[in-house]
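# Fold and geometry: a report
Single-letter residue listing:
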Amino acid sequence: MSFQHLRDADGRPAWSGVLPGRPEPYVLRRGEGEHANLFGDLFTLLVSGDETEGQFGVFTSTCPSGELIPTHSHAGTHEVFHVLDGAVRLFLADRDGRHRTHLLRAGGFGFVPAGLPHAYRVEEAAQLLGVVTGGFERFPQAMGTPTDDLGEQPPFVPEVPRLLAAARALDVELMPQFRWDVTGDEEGR
């Protein structure tokens, strides 16, 4: 079953209700999940905190080349980046204040503990698998817009008040003045 370009009679996304919303076994086929468009990325939510009793959420994101997610941190959210395809440059700051950058290619993995500044830039069109602390996985829906279109679509850039409200609700600190002092370039392991 494909969810592309479908909406129910009330105008809700066709994927509404595809996740059970409680801890019970289920499977999704390719292209299934809850979809949202944010900036140029297509996010697909596979498991939410509702299914894991708030422990974690899992999503994929399909990202065009050149996409930059600016520096930010989230005090209560750990974040995993696993590059399935393409190349992503991950910028990290550790607890000692050191700044690093890693170019992650297909198979590359990165972990950012809660509260640490980070950013990333898509160097080659990529698909990422993300795992986050439960509740945070819905950030693309809060900041972006639900979609049933799984193909290329125009970027959705939220209005500033919506972006700031979603950031507050999800405990995201946007850090536009942060400057990356990176003296070397490390290839992801």
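Whatever comes next refers back to the structure up there.
The structure reproduced in this document is the subject of the present report.

Conventions and cut-offs
Residues numbered from 1 in each chain as written. Predicted model: local features only at pLDDT ≥ 70, side-chain atom pairs only at ≥ 80, totals over all residues. Heavy atoms only, no water. Helix = DSSP H or I, 4+ residues; strand = E, 2+ residues; numbered from the N terminus. Buried < 20%, exposed > 50% of the residue type's maximum accessible area, 1.4 Å probe, protein only. Areas by Shrake-Rupley, 256 points an atom, 1.4 Å probe, with all protein chains shown as cover. Lys, Arg positive; Asp, Glu negative; His and termini not counted. Charge placed at Lys NZ, Arg CZ, Asp CG, Glu CD. Phe/Tyr/Trp six-rings, centres within 6.5 Å; stacked < 30°, edge-to-face > 60°. 1 Å grid on protein atoms, 1.4 Å probe; cavity = no way out; pocket = protein on both sides within 12 Å on 5 of 7 lines; lining within 4 Å. Points joined across faces, edges and corners; volume = space filled by probe spheres on them. Arc of directions from axis to C-beta. Contact = heavy atoms within 4.5 Å. Pairing = 2+ DSSP bridges. Salt bridge = Lys/Arg side-chain N within 4 Å of Asp/Glu carboxyl O.

On to the overall build of the protein chain. Helix and strand counts for the protein chain stand at 2 helices and 11 strands. In sequence order, the secondary structure elements of the protein chain are arranged as β-β-β-β-β-β-β-β-α-β-α-β-β. With the C-alpha coordinates of the protein chain rotated into their principal frame, the extents come out at 55 × 35 × 30 Å. Considering the protein chain as a whole, with its 189 residues, one finds that 44% of them fall into the buried category. For the protein chain, the computed accessible surface area is about 10,000 Å², with 54% contributed by carbon and sulfur atoms. Here the protein chain carries 16 positive and 27 negative side-chain charges, and the mean point of each set is 2 Å from the other.

Going through the model one piece at a time under the given rule, you end up with 7 aromatic pairs. On the numbers, 5.7 Å between centres and 40 degrees between planes, the contact of Phe 91 with Trp 180 is tilted. Of this pair, Phe 91 sits in strand β5 (residues 79–93) while Trp 180 sits in the loop between β10 (172–174) and β11 (186–187), and the two are 89 residues apart along the sequence. Residue classification places Phe 91 among the buried positions, given a relative accessible area of 11%. Here a set of aromatic residues connected by ring pairs shows up, and it is made of Phe 43, Phe 59, Phe 136 and Phe 139.

Looking now at empty space enclosed by the protein. Scanning the model with the defined rule gives 1 cavity of 30 Å³ or more in all. The space that makes up the largest cavity amounts to roughly 50 Å³. Along its surface, the largest cavity is lined by Glu 34, His 35, Ala 36, Phe 43, Thr 44, Leu 45, Phe 59, Glu 137, Pro 140 and Gln 141.

Let us look at helix α2 (residues 160–169). Taken together, the buried positions of α2 are occupied by Leu 163, Ala 166 and Ala 167. Take α2 and look down its axis: the buried residues cluster within an arc of 100 degrees, on one side only. For α2, the exposed residues set more than 90 degrees away from the buried face come down to Pro 161, Arg 168 and Ala 169. Buried residues belonging to α2 abut α1 (139–143) and β10.

The next point concerns the pairing of β5. For a regular strand, side-chain orientation follows a simple rule: the groups alternate between the two sheet faces. Extensive coverage of β5 is indicated by the burial of 12 of its 15 residues. The pairing of β5 with strand β7 (residues 109–112) spans 4 bridges and is antiparallel. Note on β7: the bridge partner recorded for Glu 79 is Val 112. Taken together, the 12 bridges between β5 and strand β8 (residues 118–133) define a ladder with antiparallel strand orientation.

Taken as a whole and assessed by the stated rule, the structure comprises 8 salt bridges. Of the charged contacts in the structure, one is a salt bridge between Arg 98 and Asp 94, with a shortest N-O distance of 2.8 Å. On the accessibility criterion, Asp 94 (16% relative accessible area) is buried. A salt bridge links Asp 96 to Arg 98; the nearest nitrogen and oxygen atoms lie 3.6 Å apart. For Asp 96, a relative accessible area of 61% corresponds to the exposed category. A cluster of three or more residues bridged by salt bridges with shared partners is formed by Glu 34, Asp 50 and Arg 138.

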